[in-house]
Amino acid sequence: MKQRFITLIAIIVILATSAYIGMVFLSSQDNLTAERTQGPLGILPLRGNPLEAEVIPGLRFKIDTGSDISTITRKDLDLLDSLGFTVNESFYPVFGRDGNGKILFETKRYSVQLPLLNYTFYEDSLGNRNAVGSWSTANILSNVDFAPSRTGQSVLGIDFLQKFAIEYLYNNRAIALYLTPPEGYDKCLDLTPSMSVFTSLWLGKRYFSDFTVNGETYSFFLDTGIRNALIKLPADANTSSSLRADTVSSALGSFEALVDDRAYIEMGNRLVNGSAYYYDSREEHYAFNPLNLFLQDILIDFAGGSISLRPIYNKLTTTPGLVTTVTTIP
């Protein structure tokens, strides 16, 4: 009887190990290609809260490094198909967190063509920021992998985003995608992927930066899914007595927070004026959203492991608004 029990345990361990190895070797975006590879592959105007990139009019994706899987709605698939872009469906199991932070297991995968345009930006007489893209500048990404969306929202997750160097164009409130990082930036922070055995199951990596808030150094998860907060810390990490109350919203709900608007933030050799938000949620205890934190252009280079800033920039007197309308011309 004892020998049978040992044999059964051995079989279970072997099966579990085989399943783990099989999941680890699953991949996403490995066959992604671009027609034009030099310079910016395309510009993505940013709208809404949480931030969404409107790739072409009507085609919007949440930009979320906290989502391990890129997902797409049936409506957006139909839009791409109606415009003549390829949409292929296949069987391929994927496992990870979606744009709402929920564990997702899907066996269906879509590989699509995704058009990227270059946009110009202008403000109208009412102060609204508008983006105009030309189809003559279109650059086609092929074999972009998505799982079906269960949230009613399409998402560009970290499996997609980590394939690029991402330039945040603060004045125009847009992001540009590069295969080769653009020049003109100085490194501010290291960006390191998690080496956790558990997170190696995800299709995309989880990236962290170490920096100091009020004299204490923590490892912060890079999460562009954070909405109005800049830097997130757990409630018990607070050491300040002068705080204001606020409410922070995320895909997981609303949370009461205490905010230190005079947080002393050291990032590499930079001092950043920003607010630290102390609250507890079912997400990472320590996180930051560089698209909220920095009031200037930034470069997030996943492959190079860095977040960079321009050495000199002209600070705007007013905060530019998000893009109001996205239109195209031939």
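Details of the structure are given in the entry above.
Residues numbered from 1 in each chain as written. Predicted model: local features only at pLDDT ≥ 70, side-chain atom pairs only at ≥ 80, totals over all residues. Heavy atoms only, no water.

## Quick word on the nonpolar core
Okay, step 1: With 87 residues, the main nonpolar core has Leu141, Phe160, Phe211, Val213, Ile231, Met267 and Phe288 as its most contacted residues.
Okay, step 2: The element that contributes the greatest number of residues to this core is strand β20 (residues 253-267), accounting for 6 residues.
Okay, step 3: Among residues more than four places away in sequence, those in contact with Val213 are Tyr218, Phe220, Ile231, Ala263, Tyr264, Ile265, Ala276 and Tyr278.
Okay, step 4: Counting 5 residues, the second largest nonpolar core, distinct from the first, contains Val94, Leu104, Ala147 and Leu203. (Core = buried A, V, L, I, M, F, W, Y, C linked by side-chain atoms within 4.5 Å. Buried < 20%, exposed > 50% of the residue type's maximum accessible area, 1.4 Å probe, protein only. Helix = DSSP H or I, 4+ residues; strand = E, 2+ residues; numbered from the N terminus. Contact = heavy atoms within 4.5 Å.)

## What to know about the sheet that holds strand β9 (residues 129-134)
Okay, step 1: Judged by pairing direction, the sheet is mixed, and its 3 strands sit side by side in the order β8-β9-β25 without closing on themselves. The outermost strands of the open sheet, each flanked by one partner alone, are β8 (119-123) and β25 (323-329). Each neighbouring strand pair of the sheet contributes to a mean axis angle of 25°, computed without reference to strand direction.
Okay, step 2: Judged from the 5 bridges that link them, β8 and β9 form a sheet pairing that is antiparallel. Its bridge partner lying in β9, Tyr119 is registered against Gly133. (Pairing = 2+ DSSP bridges. Axes fitted to C-alpha atoms, helices over the stretch in contact; angles between N-to-C directions.)

## A word on the packing of aromatic side chains
Okay, step 1: In this structure the tally under the stated criterion is 12 aromatic pairs.
Okay, step 2: Judged by centre distance (4.9 Å) and plane angle (50°), the ring pair of Phe160 and Phe164 falls under tilted. There is no split in this pair, since Phe160 and Phe164 are both buried.
Okay, step 3: Ring geometry for Phe255 versus Tyr279: centroids 6.2 Å apart, planes at 25°, classification stacked. Residue Phe255 is found in strand β20, and its partner Tyr279 is found in the loop between β21 (270-278) and β22 (287-288); the two are separated by 24 residues along the sequence. Both residues of the pair, Phe255 and Tyr279, count as buried.
Okay, step 4: Put simply, the rings of Phe211, Tyr218, Phe220, Tyr286 and Phe288 pair up and form one aromatic cluster.
Okay, step 5: For Arg206, the ring lying beneath its charged end belongs to Phe221, and the centroid distance is 4.1 Å.
Okay, step 6: A cation over an aromatic ring shows up here: Lys232 above the ring of Tyr279, its NZ or CZ 4.9 Å from the ring centre. (Phe/Tyr/Trp six-rings, centres within 6.5 Å; stacked < 30°, edge-to-face > 60°. Lys NZ or Arg CZ within 6 Å of the ring centre and 35° of its normal.)

## Some points on the pairing of strand β12 (residues 165-169)
Okay, step 1: Across the 5 residues of β12, 5 count as buried, placing the element largely inside the fold.
Okay, step 2: The two faces of β12 match: Ala165, Glu167 and Leu169 on one face and Ile166 and Tyr168 on the other face are all buried.
Okay, step 3: Note that β12 and strand β13 (residues 174-178) share 5 bridges and pair antiparallel. Residue pairing across strands places Glu167 opposite Ala176, the latter belonging to β13.
Okay, step 4: Hairpin connection of β12 to β13: 4 residues between the antiparallel strands, including Arg173 at a positive phi of 50°.

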